[in-house]
Amino acid sequence: MKYLAVAVVSLAFATGVQADVLYDSTTDRAGAGVGVSSEGPLANSFSTNSLPPLTFNDLKLGLNVVDLDTKIGKSITVNLLGTVGGDMPGALIQQLGVIDDNDPELSGAFSLYDLPVTLLNPLDPTTRYWIELTTATDSGINWEFENSDAGVGTAGEWSATTDGVFANTPDNGPFVMMLQNIGAPEPVTISLLGAGLIGAAVLRRPKAK
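For the structure given in this document, a descriptive report is provided here. All values derive from a computational prediction rather than experimental measurement. (Residues numbered from 1 in each chain as written. Predicted model: local features only at pLDDT ≥ 70, side-chain atom pairs only at ≥ 80, totals over all residues. Heavy atoms only, no water.)

## Regarding the sheet that holds strand β11 (residues 164-167)
In step 1: Read from one edge to the other, the open sheet built from six strands follows the order β6-β5-β8-β3-β10-β11, with strand pairing classed as antiparallel. The two strands at the open ends of the sheet, each matched to only one other strand, are β6 (88-100) and β11. Here the average twist between neighbouring strands, direction ignored, is 20 degrees. (Pairing = 2+ DSSP bridges. Helix = DSSP H or I, 4+ residues; strand = E, 2+ residues; numbered from the N terminus. Axes fitted to C-alpha atoms, helices over the stretch in contact; angles between N-to-C directions.)

## Notes on the nonpolar core
In step 1: The biggest cluster of nonpolar side chains holds 31 residues, and the ones touching the most others in it are F46, L59, L61 and I131.
In step 2: In terms of residue count, strand β4 (residues 55-65) provides more of this core than any other element does, five residues in total. (Core = buried A, V, L, I, M, F, W, Y, C linked by side-chain atoms within 4.5 Å. Buried < 20%, exposed > 50% of the residue type's maximum accessible area, 1.4 Å probe, protein only.)

## Some details on unusual backbone geometry
In step 1: Cis rather than trans, the peptide bond between G40 and P41 has omega equal to 5 degrees.
In step 2: Tracing the backbone shows P41 in the loop between α2 (36-39) and β3 (42-47).
In step 3: The backbone of T126 sits at a positive phi, close to 45 degrees, despite the residue not being glycine.
In step 4: Summarising the element assignment, T126 is placed in the loop between β7 (111-116) and β8 (128-134).

Below you can see the structure in the form of structure tokens.
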């Protein structure tokens, strides 16, 4: 009986949150990119599906930095934007973080920069959002290109620079980024979790003498 209750609790926690990749343009990286200062603000769009409201707690960006000796004290800001007109970056929803040029994770070679994030509100289902990189300083950070639109969630999306907004195509992919999303707990899982906790409480009750 004790092992059954433990199994139920374990199952509830194991299946309570559905982790998945919401967007991934890291599969065919170009090894080249554009500057956030010279071509920015830069942005990638992504869309949520029809599942319950989602969130994500991890954002990876393909970045490098050049002329580091002259960029001390420079930085870029990473924002979450809404959409206007269906395919244009919209209003600011939330600032996700700030990346300094002298961050030890950055170098002259493009690599995936891992930026932990905490969303203040869940994302709406079937909605387009944008990840934006912008700067008010002469930052040396560049955002890497993707060579295709074959990654998860990239087909049908858009990228944006100061030159305009461009549809992702097989030959003209977006900027390199990955979003890890976490789905809301399923109702059946919540029930299992409740049953497991009740079972555990019953097992802990002292036996009648």
